[in-house]
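Chains, contacts and geometry: an overview
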Amino acid sequence: MTAEQTGQRVQEALDRLAAHGAQETGEHLVRELMEMYGDGLTRLVRAVPPPALDRLLDDPVVAGLLVLHDLHPEDATARIRRALATLAEPVELSGYEPATGTARLRRTRGGCGCSEQDIETVLACHAPEVTALELEQAPQLLQISARPPSPAEAR
C-alpha cells in the first residue's frame with residue numbers, strides 16, 4: 001500500500017467519524033498516533049548506519065514516512081532526483097522552485113517510456129512538495145537515410 005492510498009483511507013475514516021459527530025476525536029487520535037510514529041522513526045533514523053539508510057531512501061513508503069515526519073536527510077532537490085532515477089525513461093530535473101512547488105523536468109529521450117502520471121506518482125512519495133510540473137520534451141532526432149530513387153533513376 002502506498003502512502004497516498006493510506007492517506008486516502010485515513011481521510012475516509014475521518015469523514016465517517018465526522019458524519020457521526022466524532023471528527024474532533026478522530027483527528028485527535030490521528031495526531032497522537034502520528035506523534036508516536038514520528039518519535040519512533042526519529043530513533044530508528046538515528047540508529048541506522050548511513051549506508052543502510054541510503055538504501056532505504058529508495059523505498060517510496062519509507063521515503064514518504066520520513067518526509068511526512070520531516071526526517072528525510074535529503075533536501076527536496078535531491079529527493080526529486082532520487083525519484084526520477086526510478087522511472088523507466090531518463091527524465092532530468094532542470095529546476096525546482098520551492099515557492100511555487102514547480103519542478104521543471106526534461107525528457108532526455110523520445111518520451112515514450114513513462115507518462116506524466118508516472119512522474120507525478122513517484123514524486124508524490126519522495127517529494128510531495130512538488131505540486132506542479134513543467135515537462136519539456138526531448139527534441140526529436142532527425143532520421144537520415146538513403147533517398148529513394150527519383151523516377152528518372154528508376155528507369
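Details of the structure are given in the entry above.
Residues numbered from 1 in each chain as written. Predicted model: local features only at pLDDT ≥ 70, side-chain atom pairs only at ≥ 80, totals over all residues. Heavy atoms only, no water.

**Let's talk about the overall build of the chain**
Counting its secondary structure elements, the chain contains seven helices and three strands. Along the chain direction, N to C, the helices and strands of the chain fall in the order α-α-α-α-α-β-β-α-β-α. For the chain, the proportion of its 155 residues judged to be buried stands at 26%. Partitioning the intrachain contacts of the chain with sequence separation of at least 6 by distance along the chain shows that 50% fall at a separation of at least 24. (Helix = DSSP H or I, 4+ residues; strand = E, 2+ residues; numbered from the N terminus. Buried < 20%, exposed > 50% of the residue type's maximum accessible area, 1.4 Å probe, protein only. Contact = heavy atoms within 4.5 Å.)

**Brief notes about the sheet that holds strand 2 (residues 102-107)**
Strand order in the open sheet formed by three strands is 1-2-3, with mixed pairing between adjacent strands. Bordering the open sheet on either side are strand 1 (91-97) and strand 3 (132-136), each of which pairs with just one other strand. Here the average twist between neighbouring strands, direction ignored, is 20°. Note that strand 2 and strand 3 share five bridges and pair parallel. Each residue of the ladder has a partner; that of R106, found in strand 3, is E136. On top of the sheet, helix 5 (residues 76-84) reaches strand 1 and strand 2; it is set at about 155° to strand 1, its chief contact. Taken strand by strand, helix 6 (residues 116-126) contacts strand 1, strand 2 and strand 3, and its axis lies near 135° from that of strand 3. (Pairing = 2+ DSSP bridges. Axes fitted to C-alpha atoms, helices over the stretch in contact; angles between N-to-C directions.)

**Notes on helix 1 (residues 3-19)**
Taking 1.5 Å as the rise per residue, helix 1 with 17 residues should run 24 Å; its terminal C-alpha atoms sit 24 Å apart, in good agreement. Of the residues trailing helix 1, G21 is marked for its positive phi of about 75°. (Expected span 1.5 Å × (residues − 1).)

**Side note on the nonpolar core**
Formed by 16 residues in total, the largest nonpolar core has its most connected members in I80, L84, I119 and L123. Mapped onto this core, the elements with two or more residues apiece are helix 5, strand 1, strand 2 and helix 6. If one sorts the elements of this core by residue count, helix 5 sits on top with four residues. Other than its neighbours up to four places away in sequence, I119 contacts L84, L87, V91, L105, R107, C114, L133 and L135. Among the nonpolar cores identified, the runner-up in size contains five residues, and L41, L53, L66 and L71 belong to it. (Core = buried A, V, L, I, M, F, W, Y, C linked by side-chain atoms within 4.5 Å.)

**Observations regarding the environment of L17**
If you trace the backbone, L17 turns up in helix 1. Separated by ten residues in the primary sequence, L17 and E27 place their C-alpha atoms 9.3 Å from one another. In this structure L17 touches A22, Q23 and G26, once residues within four positions along its chain are discounted.

**Some words on the pairing of strand 2**
Taken together, the six bridges between strand 1 and strand 2 define a ladder with antiparallel strand orientation. Bridged to L93 within strand 2 is L105. The hairpin formed by strand 1 and strand 2 contains four residues between the paired strands, and G101 there has a positive phi angle of roughly 75°.

**So, unusual backbone geometry**
Phi at D70 is positive, roughly 55°, even though this residue is not glycine. Given the relative accessible area of 70%, D70 is considered exposed.

**Section: the pattern of salt bridges**
In this structure the tally under the stated criterion is seven salt bridges. In this structure, the salt-bridge partner of R82 is D58, at a minimum N-O distance of 2.6 Å. Here the residue R82 occupies a position in helix 5, and D58 occupies one in the loop between helix 3 (50-56) and helix 4 (60-68), the gap between them amounting to 24 residues. Exposure remark for R82: the relative accessible area of 13% places this residue in the buried category. (Salt bridge = Lys/Arg side-chain N within 4 Å of Asp/Glu carboxyl O.)

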